[in-house]
Structure formats: structure tokens, C-alpha cells
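So the chains spell out like this:
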Amino acid sequence: MSKFVLKSTVLLVAAGIGLGASSVWSAESLQDVLKRRGLSQQDVLAAAKTYVPTGKRDEFVAFSSGGQSGQVIVYGIPSMRILKYLAVFTPEPWQGYGYDESSKDVLKQGWIDGKEITWGDTHHPAISETNGQYDGQYLFINDKANPRLAVIDLRDFETKQIVVNPIYKSEHGGAFVTTNTEYVFEAAQYPAPLENRKFFPLEEMNEKYRGGMTYWKFDRKEGRINTKESFSVELPPYWQDLSDAGKGPSEGWSFTNSFCSERYVGGIEKGRPPYEAGCSAKDTDYLHVINWKKAAELVKQGKAKKVNGHDVLMIETAVKEGILYLIPEPKSPHGVDVTPDGKFIIVSGKLDTHTSVYSFEKIQAAIKAGKFESKDPYGIPVISLKDAVERQVQLGLGPLHTQYDSKPCIAYTSLYVDSQVAKWNYCEGKVLDKLSVHYNIGHLMSMEGDSAAPKGRYLVALNKLAIDRFVPVGPLHPQNHQLIDISNDKMQLLYDMPLPLGEPHYAVAIEATKLKPGVRYKVGTDSRTDKPHPGAVRAGEEVTTKTGNKIEVKGTLIRSHITPETIEAEVGDEVTIHLTNLERAQDETHGFTVSTYNVHASAEPGKTVTVKFKADKEGVYPYYCTEFCSALHLEMMGYLLVKPKGWKPTKTAASAKAAYTEDDYKATVKKVADTQAVIDSVVGYITSVNFKDFPDVVAMVEDATDQLGKIPEAKKKADEAAAKKDWDQANLWSEQIWQYQVKAADLGLRAKTYLEQNGAKPVK
Ligand code: CUK
Ligand code: CUA
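Okay, so let's go over this structure.

The rules behind these values
- Residues numbered from 1 in each chain as written.
- Chains lettered and ligands numbered in written order.
- Predicted model: local features only at pLDDT ≥ 70, side-chain atom pairs only at ≥ 80, totals over all residues.
- Heavy atoms only, no water.
- Helix = DSSP H or I, 4+ residues; strand = E, 2+ residues; numbered from the N terminus.
- Buried < 20%, exposed > 50% of the residue type's maximum accessible area, 1.4 Å probe, protein only.
- Contact = heavy atoms within 4.5 Å.
- Areas by Shrake-Rupley, 256 points an atom, 1.4 Å probe, with all protein chains shown as cover.
- Polar contact = N/O pair within 3.5 Å; in protein donor to acceptor, adjacent residues only side chain to side chain.
- Pairing = 2+ DSSP bridges.
- Axes fitted to C-alpha atoms, helices over the stretch in contact; angles between N-to-C directions.
- Parallel < 35°, antiparallel > 145°, perpendicular 65-115°, else oblique.
- Left-handed = near helix turned anticlockwise from the far one by under 90°.
- Nonpolar A, V, L, I, M, F, W, Y, C, P; charged D, E, K, R; others polar.
- Near = heavy atom within 4 Å.
- Core = buried A, V, L, I, M, F, W, Y, C linked by side-chain atoms within 4.5 Å.
- Salt bridge = Lys/Arg side-chain N within 4 Å of Asp/Glu carboxyl O.
- Phe/Tyr/Trp six-rings, centres within 6.5 Å; stacked < 30°, edge-to-face > 60°.
- Disulfide = S-S within 2.5 Å.

**Some remarks on the overall build of the protein**
- In terms of regular secondary structure, the protein is built from 14 helices and 44 strands.
- Dimensions along the principal axes, computed over C-alpha positions, put the protein at roughly 100 × 90 × 60 Å.
- Counting the 764 residues in the protein, one finds 54% classified as buried.
- In the protein, once contacts between residues fewer than 6 apart in sequence are set aside, the share between residues at least 24 apart is 63%.
- Working note: accessible area of the protein is about 34900 Å², and carbon and sulfur atoms make up 56% of it.

As C-alpha cells, this is what we get:
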């Protein structure tokens, strides 16, 4: 006995120690954690500045170029959590982009000369502006490799349009928008003959090769670019680069730099010095200053020439009408960034340690006075650097791009060679602070930092190299976006974010509250056209038709079934399946695929999608929902039956042996009754509060009512079967009643949670 007591005591003590130890762990202090993880006070301060607690949201949303992925990366600031990849120039399976019919149509707009192009080299995203401030409605991004531009609607974060530049063979200085997004513009990069499919030898570079500036007219009401009202200004083959739009006093003008005004023709294999030497021989290149407002009027007056069916204002006309000027800029310039007040244009030369601040007022004075230092070989008046520049400031090696702070006169410029960010005052020409980044920074981004009203707070360094910053993952390293706190005098590096997608060039960040995307579509919407989808049907209207060898299915998706559940075809039939997601509950997306036919669609609540394929192989192909949408998601499936031509059934389907008993049926009936009690209590709560004041809840209640509305029909079938003692049918129809209940209960519970969290008040 005593032995037994002793043993128990030992066990208890041991358990006590165990408990004690674990309670020490759970009460680990901040100091303990610092010590255990080897963190400094500075690290913890940085962590506190970036950490967004679970359930809380970021202050800013960044849209980063996805580089060679042809996509856009969306992430939150300051948490640096990636929120989404937007499918733009490249097929993206999750979103069905390039795997359903309407998104294929969008990608097809980007085909060039009938050739399918499935990637893009995205560089510069731009958010639409109203009065020079980000309005959060649209996003634009360019493709440098295949000169194209895309329009993304920020109501649903989907790509709606791709336009192909009609005259360039490559482009770079886009996308940039005018103050009220009248135009989205892009400059050429590598010169080429403007006329399509025309060859001229490189020796004719000066005469036959051209650059240019394209102004795409944006129709805000339609949310699309109007290609007919778009135009370009022909420019010399100076290798145009980045651009920016004027604002405030410089509104109506645009600025574009260039980096090979030598018009050098390389050919190292022919014994000529390479491009890199020839294109940086001169000390200066040219900043192009264009009056786009007047250019647009000239085009309206018919002063443009049609090139490849597109309006182009030729250099001669532009010079004659006084809308095009050049100013020297040192040396191998890259970034050009208009200050928030629109008074200055800041240009950095990759091979110059200075950054030049041009004065718009001085430029205008020179133009008015007709004071030019020369004309370039194409007759374009050249304003002298001295007459246009306000000041030049020595910032460091390899200055590239500039962004602005909410504080007046404060700018941040990336120093590529130095791997640093320089904070400086462009009104006083003083360097204020420098911060090392890792490594070789390209662009940088402050919050709304290229708009008329920058928000300050944070800066992101978009570094070209990561080298040793992350756990190695092979020779191809992740990109490194570094978050920097700029709210104090000294910049503080807060966080390294590895970006595992493409080489992003530029990014823009907007206040999160300015974005107001929807959570559902109006039922039956084609999201790529924003119009009612012709293949949409409502519940109960599902239909399959066959005309000749064409099968068209108009079906629906709702937890947890696809209607129809069988599609029958003959080998060689063309099958078109339209599916409408009838859900209105937030985040209840269904996906759809058919085994081996390489189709996939993502149907968010309300959306109608279409997949199309030729049923060219005899066989049995399951189709199913690809999003885990409910407890019975796996059962959300059906069969595509592709029969050989002329196939006839040889025997009627054998009815399965009875699988259920009367007891099974009774158990199901009881389960249904119990579930009804749960539903009644939820309904009791919802109707006891002012749920009608919450549109989201009203939609959920309607959807739940829809589900419950299907019960009488199923009940009738169950009762009829039970009367005939057909326990199989009776039980299965009762199970179906339970399915309707489960869905209604799920919606009801979500509605209840929503009401509780959003301060619903009791009604009398
Ligand atoms: S570019 Cu890449 S670092 Cu295309 Cu704006 Cu300067
Ligand atoms: Cu719908 Cu899974």
C-alpha cells in the first residue's frame, strides 16, 4: 500500500514539474524571447513597426510590377504580406486566366500579328488619378518586351483590356497617367521603323528608325482605352526611357528622357565597339518636353499622319506647332520624376553623381523667349541645360529614381551603384540622410509618392540583387523588397521581403481605404466584359442543348452541386459549358475543371464563366469543383460521358439492390428535425435584430431562404417513396433535405456572426 502511495506521489511530482516547466514557457517574457532568438532592441522596434496583428489590416496596398512573370504582385504595407498575384499578360490557372473563354479573349487582344504571346515583361504600374491624386479605380501596367499596355479594374482586380502599341517594337516609359487619367502614356525604348513589317538596315538608323510617345485615351466610364482616340508623337531614335506627367503648373505637359541620343549602331561581331560604349559616349542625352494637350488638339484638327492606321504627329508638325522641345540631361539618364507641386522635374544620370532639378517655369520662359541653344538634327529646338536647370545636387553613385515625401521639398533617390537611398531636400539642394540597402537598388516607392499628395510614412527599396539576404534557394535568388520607415529624420530599415516572382521594376502604393473592391458580382456577370453573360441562368433554368455536333450547357454552381451532374457527348462534339455561381455569400468561390481537357475557371459569387473544348476522346471524364467550398465539396462533381459515335445502350441500367432500411430513413428524418431546431434558433436571433440594415446579411438570408424553399419538393418525393416503402429513395431524398438545411444553416450562422460583430440592435 505504502509503495503504491509513494509511486503515485512520484508521478504527481513529475507531472507537477512538467506543468511548471510549460507554464514558464507560456509566460516567456519579451526579454526571454530577445535572448532566445538573438534579437536586439532595434530589431524589436522594427518588428513592432511592421507587425500587423492577426485579424488586422495593412494601412497601404502596394501594386508591384511582376517583371518577367507578366503579372502584378499586390502586397500590404507595413506587413509586406502578399495578398494576390494579378493575372495580366500571362495565363494564371487559379483565376482561370487563359483557361476560360472570356479571359482567353482578353489575352487574345494582346496577340501580335496573329501570334499568341503568353508572357510579358512588366515594368511600371500606375494607379488612375483624379486631380493628381490616386483614386483607386484602375491600374495600368506596360509590357516592355511586346509593346503592350493593360487595364485592370480595381473593383474586382481583374484585367479587362490589353492594347498593342501600333507603332513600336518595344516600349518602356509607361504606364504613366495624366492628372485626371485623360491619357495613359508610354514612350518607346529601342528605336525601329514605325511602319510594321518594314525592313531598313541599321545603317539607316538616323533616317528610318524612330522612337515615339503614345498617348492612350482612357474612357473612364467604359473603363477601357479608346484606341481610336489615341495618338502618338513621332520622336527621334534617341532611345526614349522613362516618363512622367506634369501637374499643377506643368499640367498638360509630359517629360521623357532618353539614353542613346548618340543614335549609336553597335555590332561587336563586326568589329565595332559595343552598344554600351557607343550609347554612353556623349556627356548628355535629351529630356523630351511635350505639350500633350496641344498635341491632342492638333490630332483632332487632322494634323496627324496615319501610320499602321494610328494617328501620329510627325516631328516636323510637332516642331512647327511648338509642342516639342529637348533639353540636355547628364549622363545616361534614367529616372524622370515631377515634384508633387508640378514645379520641378528631377532627372538622374546613371553615370553622373549629380541629380538635376529642372524648373518648369524656366523651361517655359525659354520657350516664350524663343531662347534655344541649337536645333537637333531633326530640327527640334534645344533649350540649354543652364537655362532650364534650377540646381544640381551631388547625391552619390548611380542615381536612378526619385520619390517624394508628404513633407515639402523632401525627396528620396535610389543610388544603384552605392546600394543606398539618399534622402535630400530639392529646394535647398542638401543631402539629409543616407541608408544602405541590399543590394543595387533600382526603383523605390514611397506611399502615393509620385502623386500630387504623397503620404510619406514608408518607403520600399526595390533591389536588383538579394545576394546573401535569404536562405539560399539555388542560383536564381528571390527579389528583395526592403521596407524603410521614413516618418523620422533618420531612415530606418525595417524588413526584407523576398519576392519569388519576376524582377519587379516599379511599384505604387495607395492608402488601403481608397480601394473599394466588390465582394460579389451581380448574378450572371461576365467579369471580363462587365456585361450580363449570355450563358447565365438562374436556379431551375439549367439546360443542355445539342445542335448538330455542338453541345451547349447552361448550368449553375451552388454548394455542393454542379447542375447538370452528367453531360453526354459523342466523340467529336464541341462542348461549351457556361456556369453561373449562384452564391452571394462572401468568398464562396467555386472552381471548375474537366479531367484532361485543359480547362479551368474560377467562378466567384455571381460570376458566369465559360469553358469550351472539343470532346475528341471517347471515355469517361469527371468534372469537379476545384475550390474547397463546403463540407461536401468533394461531392461537387459530375461526369462528362464521351460515347463512341452511334453508341446505343444495350441494356437498361440495372437498379441497385436496396441499400437502406426503414430504420435508416427514420434516423435521417430525425436528423432533419434536429437540424431544423438549430435553423429555427438562428432565424429567431436574426429576426430579433435589425438585420435588414445590413445588405450583406439580407443577401445571405435570401440565399438561405432559397435553399429552404427547395425542401417541400424533396419532402414530397421522400413521402411518396416512403408510402411505397421504397426506403432507398425515401432516405436519399431526406438526405437531400438535410443538405439544403446544412447550407441554409451555414449561411444563417455566418449572418449571425456578422450581425454580432457589426453591432446589430434588437428590434421590437
Ligand atoms: S526601369 Cu527597371 S530600375 Cu524599367 Cu523603371 Cu529603372
Ligand atoms: Cu464548390 Cu467545391
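**What to know about unusual backbone geometry**
- Here the amide bond leading from Gly174 into Ala175 is cis, since omega sits at 5°, within 30 degrees of zero.
- In this chain, His438 is followed by Tyr439 through a cis amide linkage whose omega measures -10°.
- Following the sequence through the fold, Tyr439 ends up in the loop between β27 (430-436) and β28 (441-447).
- Not every positive phi belongs to a glycine, and Phe157 is a case in point at roughly 60°.
- Here Phe157 is to be found in the loop between β6 (148-153) and β7 (158-164).
- For Asp530, which is not glycine, the phi torsion reads 60° and is therefore positive.

**A short note on the side chain of Gln95**
- Turning to its location among the elements, Gln95 is positioned in the loop between β3 (82-87) and α4 (101-109).
- Classification of Gln95 as buried rests on a relative accessible area of 14%.
- Side-chain polar atoms of Gln95 contact the backbone oxygen of Tyr85, separated by 2.8 Å.
- When near neighbours in sequence (up to four residues on either side) are disregarded, Gln95 contacts Tyr85, Leu86, Ala87, Asp100, Arg528 and Ser602.

**What about the sheet that holds strand β19 (residues 344-349)?**
- Reading across from one edge, β18-β19-β20-β23 is the order of the four strands in this open sheet, with antiparallel pairing throughout. Strand pairing shows two members of the sheet lacking a second neighbour, β18 (333-338) and β23 (389-394), which therefore form its edges. Across the sheet, the mean angle separating the axes of adjacent strands is 20° when strand polarity is ignored.
- Sheet topology places strand β20 (residues 354-359) next to β23; five bridges connect them, and they run antiparallel. Across the sheet, the residue bridging to Thr355 is Val393, located in β23.

**Observations regarding the sheet that holds β7**
- The sheet built from four strands is open, its strands ordered β4-β5-β6-β7 with antiparallel pairing. In the strand order of this sheet, the two ends are held by β4 (122-130) and β7, each with one partner. When the angles between neighbouring strand axes are averaged without regard to direction, this sheet yields 25°.

**Topic: the pairing of strand β13 (residues 253-258)**
- By the criterion of burial, β13 is predominantly enclosed, with six of the six residues buried.
- Of the two faces of β13, the one lined by Trp253, Phe255 and Asn257 and the one lined by Ser254, Thr256 and Ser258 are each fully buried.
- Both strand β12 (residues 240-245) and β13 contribute to a ladder of four bridges, which runs antiparallel. What sits directly across from Asp244, in β13, is Phe255.
- Here four bridges tie β13 to strand β14 (residues 284-291), and the two strands are oriented antiparallel to one another. In the strand pairing of β14, Phe255 is matched with Val289.

**Overview of the packing of helix α12 (residues 695-709) against helix α14 (residues 727-757)**
- Put simply, α12 and α14 touch, their axes get as near as 8 Å, and they point 165° apart. Relative to α14, α12 is oriented roughly antiparallel. The handedness of the crossing between α12 and α14 comes out as left-handed. Counting all contacts with α12, which are made through Asp696, Val697, Met700, Asp703, Ala704, Gln707 and Leu708, the residues of α14 involved are Tyr740, Lys743, Ala744, Leu747, Arg750, Ala751, Tyr754 and Leu755.
- The residue inventory of the contact of α12 with α14, partitioned by class, reads 10 nonpolar, one polar and four charged.

**Points about the site of ligand 1**
- Taken together, His123, His124, His172, Leu242, His334, His401, Gly442, His443, Lys464 and His505 form the complete shell of residues around ligand 1.
- Within the shell around ligand 1, the residues separate by chemical class into one nonpolar, eight polar and one charged.

**With respect to the nonpolar core**
- With 45 residues, the main nonpolar core has Tyr215, Val233, Phe255, Ile345 and Ile363 as its most contacted residues.
- Top contributing element to this core by residue count: helix α7 (residues 292-300), with five residues.
- Beyond its immediate stretch of four places on either side in the chain, Tyr215 contacts Tyr183, Val184, Phe185, Ser230, Phe231, Val233, Ser254, Ile290 and Trp292.
- Counting residues in hydrophobic clusters, the runner-up holds 26 residues, among them Val553, Leu579, Ala603 and Cys629.

**Quick notes on the pattern of salt bridges**
- All told, the structure shown has 49 salt bridges when counted by the stated rule.
- Among the salt bridges present, the one from Arg457 reaches Glu59, with a minimum N-O distance of 2.4 Å. Of this pair, Arg457 sits in strand β29 (residues 456-463) while Glu59 sits in the loop between α3 (41-50) and β1 (60-65), placing them 398 residues apart in sequence.
- On the basis of relative accessibility, which here comes to 35%, the residue Arg457 falls in the partly exposed class.
- The class for Glu59 is partly exposed, based on a relative accessible area of 33%.
- Here Lys371 and Asp387 are joined by a salt bridge, their closest N and O atoms 3.0 Å apart. Of this pair, Lys371 sits in the loop between α9 (360-369) and β21 (374-375) while Asp387 is found in helix α10 (residues 385-388), placing the two residues 16 residues apart along the sequence.
- Through salt bridges with shared partners, one network takes in Asp153, Arg155, Asp156, Lys160, Arg224 and Asp530.

**Regarding the packing of aromatic side chains**
- Under the defined criterion, the tally for this structure stands at 27 aromatic pairs.
- A ring pair is formed by Tyr183 and Trp292, whose centres lie 5.4 Å apart and whose planes are at 65°; its orientation type is edge-to-face. Linking Tyr183 in strand β9 (residues 183-187) with Trp292 in helix α7, this pair joins segments that are 109 residues apart in sequence.
- Here Tyr325 and Phe372 contribute two aromatic rings whose centre-to-centre distance is 5.8 Å and whose plane-to-plane angle is 20°, an arrangement assigned as stacked.

**As for the state of the cysteines**
- Here the structure, examined in full by the defined rule, presents two disulfides.
- Cys260 shares a disulfide with Cys279; S-S distance 2.2 Å. Across the disulfide from Cys260 to Cys279, rotation about the S-S bond amounts to roughly -75°, and the bridge is consequently left-handed. Residue Cys260 is found in the loop between β13 and α6 (275-278), and its partner Cys279 is found in the loop between α6 and β14; the two are separated by 19 residues along the sequence. Cys279 shares its class with Cys260; the two are buried.
- In this model, Cys409 is linked to Cys427 through a disulfide, with the two sulfur atoms separated by 1.9 Å.

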